[in-house]
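So you can see what is in the structure, the chains are spelled out below.
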Amino acid sequence: MINETLIPDSQPIVLGLSGGPDSVCLLLELLAMNAARREGGGLGNPIVCAHVNHGLRGDESDGDETYVRSLCERLGVPVEVKRIDAAVLAKEKGLTVEEAGREARYAFFDELCQAYLAGVTASPYPPAPLIATAHNQDDQVETILMRILRGTGTDGLAGIAPIRKSAAGFDIARPLLGVSRKEIDSRLATYGETPRIDTSNLEAEHFRNKLRLEVLPYLKDALGIDLRRGFLRLAENAAEDRDYFEAVVAGILEPYKTLATLPAPALATAHPAIRHRLIRAVFAELGLRHDIASVHLAAADRLLETFQNGGEASGKRVEFPCDYTFGIIGKEAVFRAPADADPDWKPRRRF
């Protein structure tokens, strides 16, 4: 049921466990995978579950935490729990509650991965832990539609990647991405497990909930076709194009791996499809992997256009999310992370 190819044998797993059907199913399937691997002579995968109590639903949130602790104790799986106030974090960081909660979850996953590596002394080269989340096929369809409605670029049409890097550089795998919620519910029934239900997911208040509860059912009834297959084909096609462009961009950036700079003339004259991917790729290397929008890329384009047309661009910069900046110094396009900032903004080697 799960995509086991994403999880090499013996690689430790930090599993995001909310207590809902998807993550509980993933935990049970991973335990079944472990049993099969060991029976076949393999080592199996050490698992630690990670639960974040966001403090948003009062007794319900506490009930989720209690269930997760009880489930892990019953299954003999270690669990780490972190309690946060997502509403307060959102206000402090100027994010939505959903964004703040997501940011806190993935930061917690990274912390656990780093703690694991720090505690491993038996081997000088211990395998890096892998973060597993329970995104499924329905999440994929909803994500693609949501991105279309928000005006995503073609890379966004590829939807949720089966595996990607976390902010700290650990792999994040989605072993259930090819599995529907209906299949998950069916599998849970065979296990005889009754997970928690987040009642907020049943309310059509948030954008994703509206799509899931109202828009997608309406389109299916109105058009009389299974929209899922069409969106998933779209994602596959877009992923092929994304992978090709990523390979092209990686080749262009190869000589500049140790510098957070690129030649401004070459960047200015590159096709926008390449230029924008180059900008995203360099910022990703510096730590900014999300939240770059078309408005940020357009601002960089305008600065490069000023440079290309002989205008005064040197020493000027534009702001990107999270205090990252893009600017021109002489004939170099300079990418800066927040930790690199200095008063006179001089370009320097990053490593």
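We now turn to the structure provided with this report. (Residues numbered from 1 in each chain as written. Predicted model: local features only at pLDDT ≥ 70, side-chain atom pairs only at ≥ 80, totals over all residues. Heavy atoms only, no water.)

**Focus: the packing of aromatic side chains**
To be explicit about the condition: Centre distance within 6.5 Å is the pairing criterion for rings of Phe, Tyr and Trp, where only the six-membered ring of Trp is used; planes under 30 degrees apart are then read as stacked, over 60 as edge-to-face, and the remainder as tilted. Secondary structure elements are defined from DSSP: runs of H or I of at least 4 residues count as helices, runs of E of at least 2 residues count as strands, and each element is numbered from the N terminus. Partly exposed residues are those whose accessible area sits between 20% and 50% of the maximum for their type, while under 20% is buried and over 50% is exposed, using a 1.4 Å probe and protein chains only. Ring-over charges, as used throughout, are those where CZ of Arg or NZ of Lys falls within 6 Å of the ring centre and within 35 degrees of the ring normal.
Counting across every chain of the model gives 6 aromatic pairs. A ring pair is formed by phenylalanine 283 and tyrosine 324, whose centres lie 6.1 Å apart and whose planes are at 90°; its orientation type is edge-to-face. Of this pair, phenylalanine 283 sits in helix α10 (residues 272-286) while tyrosine 324 is found in the loop between β8 (317-319) and β9 (325-329), placing the two residues 41 residues apart along the sequence. Using a relative accessible area of 0% as the deciding quantity, one classes phenylalanine 283 as buried. Accessibility expressed as a relative area gives 10% for tyrosine 324, which makes it buried. In textbook terms, an aromatic cluster arises when at least three aromatic residues are bridged by ring pairs, as seen for Phe283, Phe320, Tyr324, Phe326 and Phe335. For arginine 277, the ring lying beneath its charged end belongs to phenylalanine 245, and the centroid distance is 4.0 Å.

**A closer look at the sheet that holds strand β5 (residues 163-165)**
What counts is decided by this rule: Two strands are counted as paired when DSSP detects at least two bridges linking them. Lines are fitted to the C-alpha atoms to define the axes, a helix being fitted only along its stretch in contact, and any angle between axes, read from their N-to-C directions, falls within 0 to 180 degrees. Should any heavy atoms of two residues lie within 4.5 Å, those residues are counted as being in contact.
Taken in spatial order, the 6 strands of this open sheet run β3-β2-β1-β4-β6-β5, and their pairing is mixed. Two strands lie at the open edges of the sheet, namely β3 (79-83) and β5, each paired on one side alone. Averaged over all pairs of adjacent strands, the angle between their axes in this sheet comes to 25°, without regard to strand direction. Here strand β2 (residues 47-53) pairs with β3 via 5 bridges, running parallel. In the sheet register, valine 52 faces β3, and the bridge partner there is lysine 82. This element, helix α1 (residues 21-39), spans β1 (13-16), β2 and β4 (130-132) of the sheet and lies at about 155° to β1. Relative to the sheet, helix α2 (residues 59-75) contacts β2 and β3, its axis offset from that of β2 by approximately 170°.

**With respect to the sheet that holds β9**
Read across the sheet, 4 strands follow the order β7-β10-β9-β8 without closing on themselves; strand pairing throughout is antiparallel. In the strand order of this sheet, the two ends are held by β7 (261-263) and β8, each with one partner. Shown here is a sheet whose adjacent strand axes are inclined to one another by a mean of 15°, direction ignored. Sheet analysis places β7 next to strand β10 (residues 332-336), joined by 3 bridges and oriented antiparallel.

**Focus: α1**
Stated formally: Here a helix's expected span is defined as the number of its residues, less one, multiplied by 1.5 Å.
Spanning 19 residues, α1 covers 27 Å between terminal C-alpha atoms, matching the ideal 27 Å at 1.5 Å per step. If you check which residues of α1 are buried, you get Asp22, Ser23, Val24, Cys25, Leu26, Leu27, Leu28, Glu29, Leu30, Met33, Asn34 and Arg37. Two residues or fewer past α1, glycine 41 is found with a positive phi of approximately 95°.

**Points about the nonpolar core**
Test applied: In these notes, a set of buried Ala, Val, Leu, Ile, Met, Phe, Trp, Tyr and Cys residues joined through side-chain atoms within 4.5 Å is what counts as a nonpolar core.
By size, the foremost hydrophobic cluster in this structure holds 30 residues, and its most contacted members are Leu267, Ile279, Phe283, Phe320, Phe326, Ile328 and Phe335. Other than its neighbours up to four places away in sequence, phenylalanine 283 contacts Leu288, Ile292, Phe320, Tyr324, Thr325, Phe326, Phe335 and Arg336. Counting residues in each nonpolar core, the second largest holds 28 residues, with Ile13, Leu15, Leu176 and Leu188 among its members.

**Considerations on unusual backbone geometry**
Apart from glycine, the bulk of residues carry a negative phi angle, and the bulk of peptide bonds sit in the trans form. In this structure, cysteine 322 takes a positive phi of about 60° despite not being glycine. Checked against the element boundaries, cysteine 322 lands in the loop between β8 and β9. Non-glycine residue aspartate 323 carries a positive phi angle of around 70°. Assignment of secondary structure puts aspartate 323 in the loop between β8 and β9. Under the relative-accessibility criterion, aspartate 323 is labelled exposed at 59%.

Read these as geometric descriptors, not functional statements.
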